Amino acid sequence: MNAAAIGLVALLALVFARVPIAVALAVVGFIGFSMLTDWQPALALAAHTAKEGSLNFGLAVVPLFVLMGNFVTRARLSEGLFNAAYAFLGHRRGGLALTTVAACGGFSAVCGSSLATAATMAKVAMPSMRRYGYDDRLATGSIAAGGTLGILIPPSIMLLIYGIITDTHIGKLFAAGVIPGLIGIALYMAAVSYTTWRDPRQGPPGERSTWPQRLRSLREVWSIAFLFLLVMGGIYGGIFTPTEAAGIGAGLSFLFALSRGVLSWKVLYEILVETARTSAILFAVLIGALMFSEFINYTGVHKGFVEWINQLGVPGWIIILVLVLVYLVIGSVLESLSMILLTVPLFFPIIVDLGYDPVWFGIVVVVAVEVGLITPPIGMNIFVLRSVIPDVSTATIFRGVTPFFFADVIRIVLLALVPAFSMWLPNLLFGS
Amino acid sequence: MNAMSTSLPETGSKPATAVHAGAAGRGRRVFLMLSQLADGVAAIALFTLMGMSFVDVVGRELFNQPLPGTMELTEILMATIIFAVLPSVSHRGEQIAVDLLDGVVPAWLRPAQRIAAHLLGSVTFAVIGWQLWVDAGKLARYGGTTPYLDLPLAPIVQLMSVLAVATALGFLTGIFRPAKEPR
């Protein structure tokens, strides 16, 4: 118990001193483990985790899904998606913001990253909303919030990482993200409607599209629908494993980008190196987290925690709400991947010991990460938007996401208290 | 388009190159060349991984003819992709770090903070590289091979070891990286 507490304090000290998170995790894990055992086993652990975190078949799913997202992003599928959503929603009050949320949801079905979703949709949605005189707050708020859907609606890099470190079924996790993602879209749309109801000038309606126009606009999205159905359908139908699905998804989106003429040798090389980099950064943190988990598990701190919670005799839902609160606080200051890799080794054993479903907990954690992406002071999606739309201030964006933040809080409480929202679909597809 | 883990860039500490030109500067240039080469290897490995999994699944589902040994090749390619880009990633300070306190840390302390972080990173990867080398030695003695294609495991782990040491060097040379160097 003491060793774990000291380790945690040391970890936080290093992390806030700007030591790369991967290094901080590895150093604390290594020193902690060697104090509890000896130098030799700790040294062996270093080699073991470095191999486990790279020379590993199950991990290939990560770079392949990142690659798929990067190809899809370059293939400019986002415009077709946006136009189709606009044809159906544009004539409503705040129609372009509703369109943005819907298009973000659609893009999330082929891209597993929130930052990429926000950046891509910003390039399409922002010019349109500017043209129609949308308020910057509503415009940027809807993009920043809509972008967070990227890591919930499958494929999702965060769910993959969670699945890898906790050994949870990735197909089930992906299935579990679908309904909470749809709830997210619905609540974000409600947030848009609320904002324009309070102040109609923020989002004037656009013109109404005719049905022939609407049907024509759908032609542009068949490719996204096809990719999503093939990749996810393949996993759920048991035709391929998540890694194979990722390979098919990446291969198809490569062919897709190729057919759209957006790939030169230079662009292809950039996409490949960028993907490799993103993955390596992820895996460095993963290797560090593996070492840190070995240490934490060795201290047995979570057993003490579970005993303590049982002695307290508080009902489970209070524990869950407290955890959610903790996550919301951590999420506001930590970047998403670090947040998952720092907290899950600590909380996951507790959750499982208390008898909760790992799949459901994964969804709650990822939704908490989504909220963290738009909460000050460290809201990564807001920073990404700032880099794409430099002339809008950070303060404006944070004001703009406020209604969406409340929508998120409602969603996370709903999901935390009603596991069926997450578990119904995976149980239906895979059996419980 | 750093897909998800937008790395937080190093803050503008004064370029240390002015002071450390000469040997360190030359060493850094050699390192940059080699790390770019390694990036290229990672790109090829990733493309191969994608092509291989695609062909494997299509072959199996449509022609009942899967590629043999895909699983172990995937593992080898994964290790190559990750370890080959780590040197340049670490050199550029692209590893995820928390810059929450940057506003509070006084300017004179920042270079020291940066150097300390790079040194710690360097030591960490040096230890990992050393232990991977030891591990490779054991694999060589036992004659460890992959189960299907009988590829010897020792050279693969040796390659990882070399690249981990290169990553340690990347952290070191990264100390001398000017703040404004183009990516």
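Residues numbered from 1 in each chain as written. Chains lettered and ligands numbered in written order. Predicted model: local features only at pLDDT ≥ 70, side-chain atom pairs only at ≥ 80, totals over all residues. Heavy atoms only, no water.

Considerations on the pattern of salt bridges
Stated precisely, the cut-off is as follows: Whenever Lys or Arg places a side-chain nitrogen within 4 Å of a carboxyl oxygen from Asp or Glu, that contact is recorded as a salt bridge. The helix and strand labels rest on DSSP assignments: H or I over at least four residues marks a helix, E over at least two residues marks a strand, and numbering proceeds from the N terminus. Residue burial is assigned from relative accessible area. The probe radius is 1.4 Å, only protein chains are included, and a residue is buried under 20% of its type maximum, exposed over 50%, and partly exposed in between.
The tally for this structure, following the rule as stated, stands at 14 salt bridges over all chains. A salt bridge links Glu370 of chain A to Arg411 of chain A; the nearest nitrogen and oxygen atoms lie 3.2 Å apart. Remark: Arg411 of chain A occurs in helix α20 (residues 394–417) and Glu370 of chain A occurs in helix α18 (residues 358–373); sequence separation between them is 41 residues. Summarising the burial analysis for this pair, Glu370 of chain A and Arg411 of chain A share the class buried. One network of salt bridges, with partners in common, ties together Arg277 of chain A together with Asp39, Arg92 and Glu94 of chain B.

Structural notes on the environment of Gln40 of chain A
Looking at the element boundaries, Gln40 of chain A is found in helix α3 (residues 39–52). Distance in space between the C-alpha atoms of Gln40 of chain A and His169 of chain A is 33 Å, their sequence separation being 129 residues.

What to know about the packing of helix α16 (residues 316–333) of chain A against α20 of chain A
The packing of two helices is summarised by the inter-axis angle and the distance between the axes. Residue and element names in this part refer to chain A. Quick reminder of the rule: Under this scheme, a helix contributes an axis fitted over its contacting stretch, all axes are lines through C-alpha atoms, and angles between N-to-C directions fall in the 0 to 180 degree range. Should the near helix be turned anticlockwise from the far one by less than a right angle, the crossing is left-handed, and should it be turned clockwise, the crossing is right-handed. Contacts are assigned to residue pairs with any non-hydrogen atoms lying within 4.5 Å of each other. Under the grouping applied here, Gly and all other residues not named as nonpolar or charged are polar, the nonpolar ones being Ala, Val, Leu, Ile, Met, Phe, Trp, Tyr, Cys and Pro and the charged ones Asp, Glu, Lys and Arg.
Remark: α16 packs on α20, axes separated minimally by 10 Å, with the N-to-C direction vectors making an angle of 145 degrees. The element α16 and its partner α20 pack so that their crossing is right-handed. Contacts between α16 and α20 pair Trp317, Ile320, Leu321, Val324 and Leu328 from the former with Ile412, Ala416 and Leu417 from the latter. Here the contact of α16 with α20 is composed, by residue class, of eight nonpolar, no polar and no charged.

Some details on the interface of chain B and chain A
Under the convention used in this document: Buried surface area refers to the total accessible area, computed with a probe of radius 1.4 Å, that the two partners give up upon joining, counted for both partners together. Polar contact is defined as a pair of N or O atoms within 3.5 Å, subject to the rule that within protein one atom must be able to donate a hydrogen and the other to accept it, and that residues adjacent in sequence are counted only when both atoms are side-chain atoms.
Every contact between the two is made by 65 residues of chain B and, on the other side, 72 residues of chain A. Carbon and sulfur atoms supply 76% of the area that chain B and chain A bury against each other, a total of about 5800 Å² over both sides. Note that Glu244 of chain A is salt-bridged to Arg60 of chain B, the shortest N-O span being 2.8 Å. Between the two partners, chain B and chain A, sit eight residue pairs in polar contact (both at pLDDT 80 or more). For the side of chain B that touches chain A, the secondary-structure elements that each account for two or more residues are α2 (23–63), α3 (70–91), α4 (110–142) and α5 (154–174) of chain B. It is α2 of chain B that provides the largest number of residues to the side of chain B that touches chain A, a total of 16 residues.

Topic: the packing of helix α10 (residues 170–198) of chain A against α20 of chain A
All names here are of chain A. Closest axis-to-axis distance for the α10/α20 pair is 9 Å, and the angle between their directions is 145 degrees. As α10 runs across α20, the sense of the crossing is right-handed. Residues Pro180, Ile183, Gly184, Leu187, Tyr188, Ala191, Val192 and Thr195 of α10 pack against Pro403, Phe404, Ala407, Asp408, Ile410, Arg411 and Leu415 of α20. Grouping the constituent residues of the contact of α10 with α20 by class yields eleven nonpolar, two polar and two charged.

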